[in-house]
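Okay, here's what each chain looks like letter by letter:
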Amino acid sequence: MTVPDRTQVGIIGGGPAGLLLSHLLARDGIDSVVLESRDRAYVEARQRAGVIEVGTAELLRDVGLGTRMDRDGLVHGGIYVQFAGERHHLDFVDLTDGGTVTVWAQTEIVKDLVAARLADGGGLKFEAEAVAVEDLTTDRPVVRYRDAAGTEHELRCDVIAGCDGFHGVCRPAIPSLAVVDHAYPYAWLGILADVAPSTDELIYAHHTRGFALHSLRSPEVSRLYLQVAPDENLDDWPDDRIWSELATRLGVAGWTLHTGPIRDRGITPMRSFVGAPMRHGRLFLAGDAAHIVPPTGAKGLNLAMADAAVLADALRALLVDRDGRLAESYSDRCLRRVWRATHFSWWMTSMLHRPMQADAFDEALQLSQLRYVTSSRAAATSLAENYVGFTMRTA
Ligand code: FAD
Ligand code: DHB
């Protein structure tokens, strides 16, 4: 049996993009239903991004989601860039006239968004898996989904938002989709550890053994990453090997890496992927459903939330003011920011990672670029303004 239902915006995916979109629409009086295939505990615990741009933090504050972030998030005014055994500080506040980033985990953003949607009585259905989107070029598109009991549902909408991540069902439903896809010969092995960070700001380290990153989640919890091969097996990395490799790659004279129990670990492959256009009729893609960047530079989560903000404006104009112009320009507006972030993430990745068959030429170019970025104010400013990000609604 198929159970029919109806809403203004059917949102597929309860990650940051889908949840934020639903929250923004509710503030404009637009009704939505978020369908999320996983359960609440899984979505709230999934370890992913940790650094948000100044504009993303402002957006969260503007829409009433800044209280915990302002209390528990850590505002950072710069990063360390390390190479050839030297650690250099880049001061973003100075370079970008006050720009900062905030260490505030994706898990916390998702928890706040889920709580806000449920408190508002917003439609948020867990263990509801979209299986098809149909009638996209009409003004009554439909989402077919299955609940945990296996019951089939039909959700009729005015608009469908495909916020279903990289492996979702929405992107393949765009017939004219053109894809630009680039695989990198690297992956990141990431750990979350119960140990106070050994640094006051993030350390991005170039090393002859490969890239390493020291990040953090709180004054008690560290997040660290190691460049590994894309086919690396996590079983080959016992705790001692992880800590010893991190200490080597992040090491400089007079500095010690503190170790502690590893709470979570995983390997993430790296790719750049852009699917365009991000719209087909009444289906709009947002976030990882449309694009992926490699994690170096911390842009994925920020892009997903920027898309949601741009889409909320476009849907308000379309559904409340009956003005389709922002919907028409949605894809182009998002793609400008997406390509800037794609270039920046590629550039950071190329400058910091050891190529699989590194030769002396590659390494000398990387070191020259790193020295330039840490000694020229113009070069440092370019990195800094990309890292802290552009104004949310106008890029
Ligand atoms: P997602 O967070 O992927 O959310 C999509 C949601 O849709 C998921 O909850 C999924 O369960 C749901 N879904 C999928 N298919 C269906 C369906 N058919 N029906 C219903 N629901 C469905 N970015 C950074 O900036 N820094 C990082 O360190 C970083 N680390 C990452 C590590 C990993 C392992 C991954 C996968 C990503 C990482 N990212 C990182 C990227 C960042 O987390 C993403 O860009 C961000 O989660 C995108 O948000 P989203 O809402 O677009 O997609
Ligand atoms: C984190 C992830 C990143 O990709 C990055 O560039 C900085 C920080 C993190 O998970 O904390």
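To be clear, the structure that these remarks concern was listed above.
If you're wondering where the values come from, they're calculated on a predicted model, not measured in any experiment. (Residues numbered from 1 in each chain as written. Chains lettered and ligands numbered in written order. Predicted model: local features only at pLDDT ≥ 70, side-chain atom pairs only at ≥ 80, totals over all residues. Heavy atoms only, no water.)

Draft legend 1. The site of ligand 2, seen in detail. Ligand 2 sits among 14 residues. The nearest are Tyr204, Ser215, Arg217, Tyr225 and Pro295. Tyrosine 225 is positioned with one of its side-chain polar atoms (N or O) 2.5 Å from an oxygen atom of ligand 2. Within the backbone of alanine 298, an N or O atom sits 3.3 Å from an oxygen atom of ligand 2. For ligand 2, whose free accessible area comes to 290 Å², the fraction covered by protein is 97%. Of all elements in the fold, only strand S16 (212-218) and strand S17 (221-228) reach the threshold of two or more residues within the shell around ligand 2. In terms of residues, the shell around ligand 2 owes the most to one element, S16, which gives three residues. For the shell around ligand 2, the residue count by class is eight nonpolar, three polar and three charged. (Near = heavy atom within 4 Å. Polar contact = N/O pair within 3.5 Å; in protein donor to acceptor, adjacent residues only side chain to side chain. Areas by Shrake-Rupley, 256 points an atom, 1.4 Å probe, with all protein chains shown as cover. Helix = DSSP H or I, 4+ residues; strand = E, 2+ residues; numbered from the N terminus. Nonpolar A, V, L, I, M, F, W, Y, C, P; charged D, E, K, R; others polar.)

Draft legend 2. Inspection of unusual backbone geometry at higher detail. Residue proline 277 follows alanine 276 across a cis peptide bond; omega there is 0°. Assignment of secondary structure puts proline 277 in the loop between strand S18 (262-276) and strand S19 (279-280). Of note, glutamate 127 is a non-glycine position whose phi angle comes to about 50°, a positive value. Relative to the helices and strands, glutamate 127 is located in the loop between strand S9 (123-125) and strand S10 (129-134).

Draft legend 3. Quick look at the site of ligand 1. Around ligand 1 lies a shell of 30 residues, among which Glu36, Arg46, Arg48, Gln106 and Asp288 are the nearest. Between aspartate 288 and ligand 1, the recorded distance is 2.7 Å, taken from a side-chain N or O atom to an oxygen atom. Contact distances for ligand 1 include 3.2 Å between an oxygen atom and a backbone N or O atom of glycine 300. Computed on the free molecule, ligand 1 has an accessible area of 1,000 Å², of which 85% lies beneath the protein chains in the complex.

Draft legend 4. Representation of the packing of helix H9 (residues 325-352) against helix H11 (residues 377-388) within the structure. The contact between H9 and H11 brings their axes to 11 Å, and the two run at 125°. It follows that H9 is oblique to H11 by the angle criterion. Read as a crossing pair, H9 and H11 show a hand that is left-handed. Contact residues: H9 offers Arg340, Phe344, Trp347, Met348 and Met351, while H11 offers Leu383, Asn386 and Tyr387. (Axes fitted to C-alpha atoms, helices over the stretch in contact; angles between N-to-C directions. Parallel < 35°, antiparallel > 145°, perpendicular 65-115°, else oblique. Left-handed = near helix turned anticlockwise from the far one by under 90°. Contact = heavy atoms within 4.5 Å.)

Draft legend 5. Spatial organisation of the pattern of salt bridges. Under the definition given, this model contains 26 salt bridges. Measuring nitrogen to oxygen at the nearest pair gives 2.7 Å for the salt bridge that ties aspartate 28 to arginine 316. Of this pair, aspartate 28 sits in the loop between helix H1 (16-27) and strand S3 (32-35) while arginine 316 sits in helix H8 (residues 300-319); the two residues are 288 residues apart in sequence, bridging distant segments of the chain. On the basis of relative accessibility, which here comes to 29%, the residue arginine 316 falls in the partly exposed class. Aspartate 239 is the partner of arginine 265 in a salt bridge, and the nearest nitrogen-oxygen pair spans 2.9 Å. One end of the pair, arginine 265, is in strand S18; the other, aspartate 239, is in helix H7 (residues 239-250), and 26 residues separate them in sequence. Since its relative accessible area comes to 31%, arginine 265 is described here as partly exposed. Relative accessible area serves as the criterion here: at 31%, aspartate 239 is assigned to the partly exposed category. Three or more residues are tied together by salt bridges with common partners; here these are Glu134, Asp135, Arg144, Glu154 and Arg156. (Salt bridge = Lys/Arg side-chain N within 4 Å of Asp/Glu carboxyl O. Buried < 20%, exposed > 50% of the residue type's maximum accessible area, 1.4 Å probe, protein only.)

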